[in-house]
Amino acid sequence: MRLSLLLLLLLLPGLPPTLGMEDDASFPHLGESSQPPPRACPPRCSCPRPDTVDCDGLDLRVFPDNITRAAQHLSLQNNQLQELPYNELSRLSGLRTLNLHNNLISSEGLPDEAFESLTQLQHIYVAHNKLSVAPQFLPRSLRVADLAANEVTEIFPLTFGEKPALRSVYLHNNQLSNAGLPPDAFRGSEAVATLSLSNNQLSYVPPSLPPSLERLHLQNNLISKVPRGALSRQTQLRELYLQHNQLTDSGLDATTFSKLHRLEYLDLSHNQLAEVPAGLPRTLAVLHLGRNRIRWVEAARLGGLRGLRYLLLQHNQLGATGLPAGALRPLRGLHTLHLYGNRLDRVPQALPRRLRALVLPYNRVAALGARDLASTPRLAELNLAYNCLASARVHLRAFRRLRALRSLDLAGNQLTQLPSGLPAGLHTLRLQRNQLRALEPEPLAGLHQLQELSLAHNRLRVGDIGPGTWHELQALQVLDLSHNELSFVPPDLPEALEELHLQGNRIGHVGPEAFLSTPRLRALFLRANRLHMTSIAPEAFLGLLHLRVVDTTGNPEPVLVRLPPTAPRRPRAAGP
């Protein structure tokens, strides 16, 4: 139709050719579509959507102007802003997200009325700034408030109060004491599920916390007590973090946790408790009591926790009588028991039958009897590293019933020979830092599934490794023989081997047949031996087509390493 109109105007007599064309701007040119005017966007910022303004990391010192009134999401994180001008903020009444993370904003630079016009604001992030007090007023529409890592010493009733949609509040890494938390701090905010007050200066658990809480972080404070009733209304609480405080037995009582009928995770580690607390909720799945002063575990305190999966008691003061026989037997669902760094002189007796992981390193266990592990036939992981076990006091049948065992750690003991009767299903066996002087085939016979074997830091010599020692280790992929007294590469190593550690020995020569039995080798460590420039035979690596790493550093002379033509050339060869 536009074309017809133009032809008509040109054909009409007496009319100049331009008459009627002055209004042509109201029509788009042929073949083009109408384009909206460009959106306003502050200089150097990006505006990927009509409602989003991103000014991250621009080293801004002044709040940008020219922000569209249509903005719903404004990010100004990682700048150097010191204040928020009320006039600029009041224009942005449609904001839903305001991100001011990591600036230099002080309380003086944040006027009391700064947020009163932001009636739709849902997420505010002001972490890592210089606030000394919290804003007196935040919008009622708020859902997430992050004021972490400031210098806040005080919050106010309407900072977080009267916010029916508020779900998460982050106040960790501030300087809040109990005096800075008003008793009505969360009144009218009945939906708060997550509250983080960790790394502050609280001396007791605040008594007026939201009853809707599901996760409460109070770790790294100065808390020495939980006032009676302080946690009586938090019946929805599932996770409670109280580690790294100053809690003593007198700071808790039998009612402290009694109302927490949904609690699954309780961390009381790094306190000063001498006993397991009374009145623990039966719903607990994880109980962390590590690094306290617990000397004795009273069976009655744990008897009702039949759903407990993880019990952590490491670095306490449990001695010979600290865990009476059967004290943990009622914990029928227990999966993992951590007793690292106590004073136990034997494996606790009558443990739960379904236990899958027993972690006992750095104790004083000196013997393993025939039935010491009989109550835990489902163990998959057993860690007895750095105890006082000697070969003469490890019974031949000590591991006989552990048919499900996959990982056994006996490092750092006083073993002079490999234990007998090792479970056939083992995948990992760690025996480093013992006093092994010889290896015989019998203890390793039948370990067809063993994938990793560590024999580092012993006193092994090649002549003391019996013929056929490696014969049945058909799945072995990692073998660590470092820091022994080997003078050459042991012969007949397992065919499946991919990683071989021989560093820190006395190896002075590598012959042409050293690795004929290990064609899958990928990584070889020969550093800190007695190798010289021509100590490795040119043919030594010819069949190792998968070899990627050869480390010969720290030898008396730079060592010439020749990889096969198809192998990636990434050897590490250097002088001392």
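Residues numbered from 1 in each chain as written. Predicted model: local features only at pLDDT ≥ 70, side-chain atom pairs only at ≥ 80, totals over all residues. Heavy atoms only, no water.

As annotated in an unreviewed UniProt entry, the chain carries the name Podocan-like protein 1 isoform X1 and comes from Odocoileus virginianus.

Attention now goes to the pairing of strand E1 (residues 46–49). Both E1 and strand E2 (residues 52–54) contribute to a ladder of two bridges, which runs antiparallel. Within E2, the residue paired with arginine 49 across the bridge is threonine 52. Linkage of E1 to E2, two consecutive antiparallel strands, is achieved through a turn of two residues. (Pairing = 2+ DSSP bridges. Helix = DSSP H or I, 4+ residues; strand = E, 2+ residues; numbered from the N terminus.)

If you look at the biggest cluster of nonpolar residues, it comprises 149 residues, and the most contacted ones within it are Leu358, Phe399, Leu455 and Phe541. Setting aside its immediate chain neighbours within four residues, phenylalanine 541 contacts Phe515, Leu524, Ile536, Leu547, Val550, Val561, Arg562, Leu563 and Pro564. (Core = buried A, V, L, I, M, F, W, Y, C linked by side-chain atoms within 4.5 Å. Buried < 20%, exposed > 50% of the residue type's maximum accessible area, 1.4 Å probe, protein only. Contact = heavy atoms within 4.5 Å.)

This paragraph deals with the pattern of salt bridges. Going through the model one piece at a time under the given rule, you end up with ten salt bridges. Here glutamate 485 ties to arginine 461 by a salt bridge, and the two come within 2.8 Å at their closest N and O atoms. Of this pair, glutamate 485 sits in the loop between strand E20 (478–480) and strand E21 (499–501) while arginine 461 sits in the loop between strand E19 (452–454) and E20; the two residues are 24 residues apart in sequence, bridging distant segments of the chain. Put simply, aspartate 551 and arginine 527 hold a salt bridge, and the shortest N to O gap is 2.9 Å. (Salt bridge = Lys/Arg side-chain N within 4 Å of Asp/Glu carboxyl O.)

For the coordinates displayed, the defined rule picks out two disulfides. Between cysteine 41 and cysteine 47 runs a disulfide, and the two sulfur atoms are separated by 2.0 Å. The disulfide joining cysteine 41 to cysteine 47 has a torsion of about 90° about its S-S bond and is therefore right-handed. Here cysteine 45 connects covalently by a disulfide to cysteine 55, the sulfurs 2.0 Å from one another. With the S-S dihedral at roughly 110°, the linkage between cysteine 45 and cysteine 55 falls on the right-handed side. Linking cysteine 45 in the loop between helix H1 (2–11) and E1 with cysteine 55 in the loop between E2 and strand E3 (73–75), this pair joins segments that are ten residues apart in sequence. Taking relative accessible area as the criterion, cysteine 45 reaches 13% and is therefore assigned buried. (Disulfide = S-S within 2.5 Å.)

Turning our eyes to something else, we now look at the packing of aromatic side chains. Scanning the model with the defined rule gives five aromatic pairs in all. With a centroid separation of 5.1 Å and an interplanar angle of 35°, the aromatic rings of tyrosine 241 and tyrosine 265 are classed as tilted. Of this pair, tyrosine 241 sits in strand E10 (residues 239–241) while tyrosine 265 sits in strand E11 (residues 265–267), and the two are 24 residues apart along the sequence. A relative accessible area of 14% means that tyrosine 241 is categorised as buried. Ring geometry for phenylalanine 515 against phenylalanine 541: centres 5.8 Å apart, planes inclined by 25°, an arrangement best described as stacked. (Phe/Tyr/Trp six-rings, centres within 6.5 Å; stacked < 30°, edge-to-face > 60°.)

Okay, the environment of histidine 338 next. Relative to the helices and strands, histidine 338 resides in strand E14 (residues 336–338). A relative accessible area of 24% places histidine 338 in the partly exposed class. Measuring from C-alpha to C-alpha, the distance between histidine 338 and threonine 518 comes to 38 Å, with 180 residues separating the pair along the chain. Those residues within four positions of histidine 338 in sequence are excluded, and the remaining contacts are Leu311, Leu312, Leu313, Gln314 and Val359.

To continue, consider the side chain of threonine 336. Of note, threonine 336 is situated in strand E14. Classification of threonine 336 by relative accessible area gives buried; the value is 8%.

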